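Residue-level listing of the chains:
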Amino acid sequence: MQVDIALCQIRPMAGSPEMNAETVANMLVSRDEDVLIFPESFLTGYGVSPDGLEERISSALTTISDTCRKYDKAAAVGTPMLGPEGWTNSLAFLSPDGDSYYDKIHLARFGVYTENGYVAGRKPSMGSYHGIRFGFSICYDIYFPEILHGCSLRRADVNICISAAA
């Protein structure tokens, strides 16, 4: 099966998960590609504190997930996620095959990329679109090859690394 992928390295509206979800949904409807990939922290904007945005982020992810199912497409979207230990810098892979999530394991703790306030993920993750398996990583994770190597050993067909850097 051939799958067309669009890399959508565009600037989000800072602090507005709803508007960013609308951007993703509109692109899912208007583009021909099967899988659209958006930057790290796209739903809120990189560097925007997610505090107080939990319900808005959840609603935005539901909007995107519903659009993916309706149009038989998939989207990889960077977003903060609130878990039992705190906020994670995450990748949501929303697909008709089912939604999958990856929490960034190697957080940047330097310069303008400092991710203070986030907790690290614990394990690699994968998702699928029409049976094609995708492995996930986020930005600084790419310097630690064991993450995507683990996905490859689990038979990932495609490995994705999202980043906020252009």
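Above this text you will find the structure in question.
From a predicted model like this one, the values you see are computed outputs, not experimental measurements.

1. A closer look at the packing of aromatic side chains
So, point 1. Here the structure, examined in full by the defined rule, presents six aromatic pairs.
So, point 2. Arranged with centres 5.0 Å apart and planes meeting at 35 degrees, the rings of Phe93 and Phe134 form a pair that is tilted. In this pair, Phe93 is assigned in strand 4 (residues 86–94) and Phe134 in strand 7 (residues 132–138), connecting sequence segments 41 residues apart.
So, point 3. When its relative accessible area of 0% is taken as the criterion, Phe93 is described as buried.
So, point 4. Clustering of aromatic rings is evident, with ring pairs tying together Phe110, Tyr140, Tyr143 and Phe144.

2. Focus: the sheet that holds strand 1 (residues 5–7)
So, point 1. Read from one edge of the open sheet, five strands run 1-2-3-4-5, paired in mixed fashion. The outermost strands of the open sheet, each flanked by one partner alone, are strand 1 and strand 5 (100–103). Strand after strand, the sheet turns through a mean of 30 degrees between neighbouring axes, direction not considered.

3. Overview of the nonpolar core
So, point 1. Counting 23 residues, the largest nonpolar core has Val24, Phe38, Leu43, Ile64 and Val77 as its most contacted members.
So, point 2. Leu43 has contacts with Ser16, Pro17, Asn20, Ala21, Ile57, Ala60, Leu61, Ile64, Val77, Gly78 and Thr79, leaving out every residue within four places of it along the chain.
So, point 3. Core analysis: the next-biggest nonpolar cluster, separate from the first, contains 17 residues, Val3, Val35, Ile37 and Tyr129 among them.

4. Considerations on the environment of Gly52
So, point 1. Mapped onto the elements, Gly52 comes out in the loop between strand 2 (35–37) and helix 2 (54–71).
So, point 2. Sequence spacing of Gly52 and Gln2 is 50 residues, and the spatial spacing of their C-alpha atoms is 41 Å.

5. Some words on the pairing of strand 4
So, point 1. In terms of residue burial, strand 4 counts as a mostly covered element, since nine of its nine residues are buried.
So, point 2. The sheet contact formed by strand 3 (residues 74–83) and strand 4 spans nine bridges and is antiparallel. Looking across to strand 4, one finds that Met81 is bridged to Thr88.
So, point 3. Two elements, strand 4 and strand 5, share four bridges in a ladder whose sense is antiparallel. Bridge pairing in strand 5 places Ser90 opposite Asp103.

6. Notes on a nonpolar patch on the surface
So, point 1. Taken together, the side chains of Tyr46, Phe110, Val112 and Tyr113 make up a nonpolar region of the molecular surface, amounting to roughly 410 Å² of accessible area.
So, point 2. Residue placement: Tyr113 occurs in the loop between strand 5 and strand 6 (126–129).
So, point 3. For Tyr113, a relative accessible area of 40% puts it in the partly exposed group.

7. As for unusual backbone geometry
So, point 1. Of note in this structure, Ser41 is not a glycine but carries a positive phi near 55 degrees.
So, point 2. Assignment of secondary structure puts Ser41 in the loop between strand 2 and helix 2.
So, point 3. The backbone of Arg155 shows a phi angle near 75 degrees, a positive value even though the residue is not glycine.
So, point 4. By the secondary structure assignment, Arg155 is in the loop between helix 3 (146–153) and strand 8 (158–162).

Cut-off values and rules
- The residue count restarts for each chain, going from 1 along the sequence in the order it is written.
- Restriction of local features to residues with pLDDT of at least 70 applies here, the model being predicted, together with a cutoff of 80 or more for giving and counting side-chain atom pairs; totals for whole chains, interfaces and linings are based on all residues.
- Based on all heavy atoms of the structure, the side-chain values leave hydrogens and waters out of the count.
- Geometry of aromatic contacts follows a simple scheme: Phe, Tyr and Trp rings, the Trp one being its six-membered ring, pair when their centres are within 6.5 Å, and the pair is stacked under 30 degrees between planes, edge-to-face over 60, tilted otherwise.
- Labels follow the DSSP assignment, with helices taken as runs of H or I lasting at least four residues and strands as runs of E lasting at least two, numbered in each case from the N terminus.
- Under the scheme applied here, a residue whose accessible area is under 20% of the maximum for its type counts as buried, over 50% as exposed, and between as partly exposed, the area being computed with a 1.4 Å probe on protein chains only.
- Strand pairing is defined by DSSP finding a minimum of two bridges between the two strands.
- A fitted line through C-alpha atoms serves as each axis, taken over the contacting stretch for helices, and the angle formed by two N-to-C directions is quoted from 0 to 180°.
- Note on terminology: a nonpolar core comprises buried Ala, Val, Leu, Ile, Met, Phe, Trp, Tyr and Cys residues joined through side-chain atoms within 4.5 Å.
- Any two residues having at least one pair of non-hydrogen atoms within 4.5 Å are treated as being in contact.
- Only residues whose relative accessible area exceeds 30% and that form no salt bridge are eligible for patches; like-charged ones are grouped when within 9 Å, while nonpolar side chains (Val, Leu, Ile, Met, Phe, Trp, Tyr) are grouped when within 5 Å.
- Throughout, the Shrake-Rupley method with a 1.4 Å probe supplies accessible areas, and for residues the shown protein chains are the sole cover considered.
- One side-chain nitrogen of Lys or Arg within 4 Å of one carboxyl oxygen of Asp or Glu is enough to make a salt bridge.

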